[in-house]
Amino acid sequence: MMPYLILFLAVLAETIGTTALQASQQFTRLVPSVIVVVAYSVSFLLLGWALKFLPVGIAYAIWSGLGIVLIAIIGFLVFSQRLDLPAVLGMAMILGGILVIHLFSNTATH
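Chemist: Could you give me a rundown of the overall build of the protein, with the residues and numbers involved?
Modeler: The helix and strand inventory of the protein stands at four helices and zero strands. With the C-alpha coordinates of the protein rotated into their principal frame, the extents come out at 45 × 35 × 15 Å. When burial is assessed residue by residue, the protein has 33% of its 110 residues classed as buried. Of the contacts formed within the protein by residues at least 6 apart in sequence, a portion of 65% connects residues at least 24 apart. Looking at the protein as shown, the accessible area adds up to about 6900 Å², and 76% of this sits on carbon and sulfur atoms.

Chemist: Explain a nonpolar patch on the surface to me, and be specific about the residues and the numbers.
Modeler: Residues Ile16, Leu30, Val31, Val34, Ile35, Val38 and Val42 make up a contiguous nonpolar surface patch of about 620 Å² in total accessible area. Take the nonpolar patch: its biggest share by element is six residues, from helix α2 (residues 30–50). Topologically, Val42 is positioned in helix α2. Assessed through its relative accessible area of 35%, Val42 is described here as partly exposed.

Chemist: Pulling in residues and values, what's your account of the side chain of Thr15?
Modeler: Structurally, Thr15 can be placed in helix α1 (residues 2–23). On the accessibility criterion, Thr15 (4% relative accessible area) is buried. When sequence neighbours within four positions are dropped, the list of residues in contact with Thr15 reads Gly67, Leu70, Ile71 and Ile74.

Chemist: Give a detailed account of the nonpolar core, specifying residues and quantitative values.
Modeler: Grouped together as the largest cluster of nonpolar side chains are 14 residues, with contacts concentrated most on Leu7, Leu47, Leu54, Ile62 and Trp63. Among all residues touching Ile62, those that are not within four sequence positions of it are Tyr4, Leu7, Val11, Gly67 and Ile98.

The rules we used
- Residues numbered from 1 in each chain as written.
- Predicted model: local features only at pLDDT ≥ 70, side-chain atom pairs only at ≥ 80, totals over all residues.
- Heavy atoms only, no water.
- Helix = DSSP H or I, 4+ residues; strand = E, 2+ residues; numbered from the N terminus.
- Buried < 20%, exposed > 50% of the residue type's maximum accessible area, 1.4 Å probe, protein only.
- Contact = heavy atoms within 4.5 Å.
- Areas by Shrake-Rupley, 256 points an atom, 1.4 Å probe, with all protein chains shown as cover.
- Patch = residues over 30% accessible without salt bridge, like charges linked within 9 Å, V, L, I, M, F, W, Y side chains within 5 Å.
- Salt bridge = Lys/Arg side-chain N within 4 Å of Asp/Glu carboxyl O.
- Core = buried A, V, L, I, M, F, W, Y, C linked by side-chain atoms within 4.5 Å.

The values reported here are purely geometric and, on their own, carry no functional implication.
Below, the structure is given as C-alpha cells:
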C-alpha cells in the first residue's frame with residue numbers, strides 16, 4: 001500500500017507544479033515559477049521512490065493518467081477552462097484504464 005501512497009503524493013506534487021506553471025504566466029511571475037520547480041522536483045523524487053516497488057509502466061500510467069484528470073479538473077475550477085464531451089469521455093477512459101490495471105493486472109503489485 002505504501003508504494004501507492006508515495007505514487008499518489010507524486011501525482012499531487014505534479015498537479016501542484018502544473019497548476020503553478022499556468023499561474024506563472026510563462027515563468028514571468030517569481031513565486032509560481034519557484035513552486036513549479038519545487039513541486040516537479042518533489043514529484044519526480046517521489047515517483048522515483050515508488051519505482052522501487054512498482055513496475056515503471058504501471059507507475060507511469062497511474063502517475064500521468066491521474067495527473068491529466070486532476071489538472072483538467074483544476075483547470076475547470078480555477079482557470080475556467082471548459083472541456084467538451086470528447087475530452088471528458090477520453091479522461092473517463094484514462095481513469096477506466098487505471099482501474100483495470102489496478103484491479104485486474106497481475107503486473108501491478110497489490
